[in-house]
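A closer look at the structure
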Amino acid sequence: MTSHAKCAGLRSALSSYMDGILDAKGVARVESHVRECAHCRSLLTGMQNVARLAKDPRLLPLPGGFAGRLQANLRQCGAAPAQAHRSADVPMGITPDLVPVGSHLIYFWQTPAEFKSGVRFLHPGLGKDEHCIIFGHDEALSDVQNTLRSDGYDPEALKEQGKLTVLRRHAAAGTTLGEISQAVEKAMAAGATLIRFLGNLGLGRDPLPAGEDDVLELERRATSLLEHLPCIIVCMYDVRTVPGRLIFKGGLETHSLSVNSEGVQHNPFYVDGHVHAPRLVQ
Amino acid sequence: MAATAPRRFESEELLLGRARLGDEKAFCTLVHPHERALYTVAWVITGEPQSAEDMVQRAAVSAWMHFGGYASSSFRTWLLGFLVAEARKTRSGGILPAETDGFTPRHMEDWEALPSGLLEDPAFRERLQRAMLKLPLACRAVLVLRDCAGIPVAECAQVLGIGEAEARNCLLRARLQLRDLLAETGSGRRRAHKKGGAR
């Protein structure tokens, strides 16, 4: 091949070389050639100059306030098809009420019948495009799954289908939230449009993994997380075994809504977690 | 206890989930990393900042309105598709005529690396912008997607609806021609040989 023909043949390879899409042999061929050929070296340097200048954000700076205008435009353009889901609150299951996505509810139970009613929170999401997570101590997890079986569901099949996650309480709030986030991410990646999280607080055979204050920390931070997630949380407190302090500081102060057999209502004892959180864990 | 990696909840999967539920803030957060890609493509099509922003805003709104049907493996590719659709509306002939043949680069030696500080000079910036607008439209589009926005060539091709080989040709042509256009403005070359010196 003549030198000129070789240059013409390598020209497109120079650009691909810059983009890192040549194989090792191609890279070696280009590097060997540009060492010897001033013309191709000049082409490569010139193209590298162009790429470097084009990459520099100063060349075409984004107009200021671009993102804010975009958000305003989206609001003005009306509901996107996806918004139907948000504007129509979702069924909460325990009662016929609808609740907004992002709700964090407290449910106190004392009798087996009340426990069974609480598990109905999961029913509207099971087998649909939602994902359910049950969380708590071993006895509670077992009881929730047994209740689901008695209601005609198959927890094992739901777990296999990726519709149900069972998370055992075994660690402090930080680790627990990390595990919850992983479960949520996995569910969202699989296409879930809503997460139903059923938390269970009660004293089982094992002690609380990190004490009472850690439970309060978990509740407070769970509320913060909801601002970022398409999620509804119901926390079932077993009032037979949960200490009074946790019932008050955790159950009443960290949940904006409460639910009982009469329906969902605003919780007058709720304290904004962002404002009072430090006090809660002292 | 310190906060547990709240950033995890900004992952694309979760933002997509929130956006599916109608959260326009989540959608804006998804769009944010791609604003530069959107804007630079719109700019090389319109050649003017305000028109470029208008085109991007229309494309983003259109994407939002169609988000219920989102099922792409790449949000960026899907989003840029709406910009290309907007561009096609404003340019009846489309944006990608095959214009990559028949260009021979000038012969120049000892081309030195341009200091990036040159872009601080408004006159140089304007010269470079004008030079970009002189490129064939297809070449401009691939150049800004690849070199301004850092999008891999294969994805550039997918966004523009052309073959990967054609995208590579467009990019080569754009880089070479812009290099020559820059040389004509006297930027960054030490010795330019006469135009007939091409090989």
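Preceding this paragraph is the structure being described.
Residues take numbers from 1 onward in each chain, read along the sequence in its written order. Following the order in which they are written, the chains are lettered starting with A and the ligands numbered starting with 1. In keeping with the predicted nature of the model, local features appear solely for residues at pLDDT of at least 70, side-chain atom pairs appear and are counted solely at 80 or more, and the whole-chain, interface and lining totals rest on all residues. Neither water nor hydrogens contribute to the side-chain values; these are computed over all heavy atoms in the structure.

To continue, consider the pairing of strand β7 (residues 231-238) of chain A. Residues and elements named next belong to chain A. Burial runs high along β7: 8 of the 8 residues are buried. With a 1.4 Å probe rolled over the protein chains alone, any residue whose accessible area is under 20% of its type maximum counts as buried; one over 50% counts as exposed, and the rest are partly exposed. Secondary structure elements follow DSSP: runs of H or I of four or more residues count as helices, runs of E of two or more count as strands, with numbering from the N terminus. Where burial is concerned, the two faces of β7 agree: the one with Cys-231, Ile-233, Cys-235 and Tyr-237 and the one with Ile-232, Val-234, Met-236 and Asp-238 are both buried. A pair of strands is considered paired only if DSSP assigns at least 2 bridges between the two. Here 6 bridges tie strand β3 (residues 104-109) to β7, and the two strands are oriented parallel to one another. Note that in β7 the partner of Leu-105 across the bridge is Val-234. With 7 bridges connecting them, strand β6 (residues 194-201) and β7 associate as parallel partners. Paired with Arg-196 across the bridge in β7 is Ile-232.

This paragraph deals with helix α4 (residues 49-65) of chain B. Residues and elements named next belong to chain B. Residue count minus one, scaled by 1.5 Å, sets the expected span of a helix. Its 17 residues give α4 an end-to-end C-alpha distance of 24 Å, which sits within 8% of 24 Å, the value for a rise of 1.5 Å per residue. Of all the residues in α4, the buried ones are Ala-52, Glu-53, Met-55, Val-56, Gln-57, Ala-59, Ala-60, Val-61, Ser-62, Ala-63 and Trp-64. Its side-chain oxygen placed 3.2 Å from the backbone nitrogen of Gln-50, Glu-48 serves as the N-cap of α4. Polar contacts here mean pairs of N or O atoms no more than 3.5 Å apart (in protein, one a potential hydrogen donor and the other a potential acceptor; neighbouring residues in sequence count only if both atoms are side-chain atoms).

A few words now on helix α6 (residues 122-133) of chain B. Residue and element names in this part refer to chain B. Given a rise of 1.5 Å per residue, 12 residues ought to cover 16 Å, and the 16 Å separating the end C-alpha atoms of α6 matches this to within 8%. Burial in α6 covers these residues: Phe-124, Leu-128, Gln-129, Ala-131 and Met-132. The buried residues of α6 occupy an angular sector of 160° when projected down its axis, which confines them to one face. In this structure Asp-121 caps α6, since a side-chain oxygen of it lies 3.0 Å from the backbone nitrogen of Ala-123. In this context, the arc is that of the directions from the helix axis out to the C-beta atoms.

Glancing now at the pattern of salt bridges. If charged atoms from side chains of opposite charge come close, those side chains can pair. Within this document, salt bridges are pairs made up of a side-chain nitrogen of Lys or Arg and a carboxyl oxygen of Asp or Glu, the two lying within 4 Å of each other. All chains considered together, the criterion is met by 19 salt bridges over all chains. Asp-213 of chain A is the salt-bridge partner of Arg-245 of chain A, the closest N and O atoms lying 2.7 Å from each other. Here the residue Arg-245 of chain A occupies a position in helix α11 (residues 244-252), and Asp-213 of chain A occupies one in helix α10 (residues 212-226), the gap between them amounting to 32 residues. Since its relative accessible area comes to 33%, Arg-245 of chain A is described here as partly exposed. On the basis of relative accessible area, Asp-213 of chain A is assigned to the partly exposed category, the value being 29%. For the salt bridge of Glu-86 of chain B with Arg-58 of chain B, the shortest nitrogen-to-oxygen distance reads 2.9 Å. In this pair, Glu-86 of chain B is assigned in helix α5 (residues 75-90) and Arg-58 of chain B in helix α4, connecting sequence segments 28 residues apart. Residue Glu-86 of chain B is classed as buried on the basis of its relative accessible area, which comes to 5%. The exposure class assigned to Arg-58 of chain B is partly exposed, which follows from its relative accessible area of 38%.

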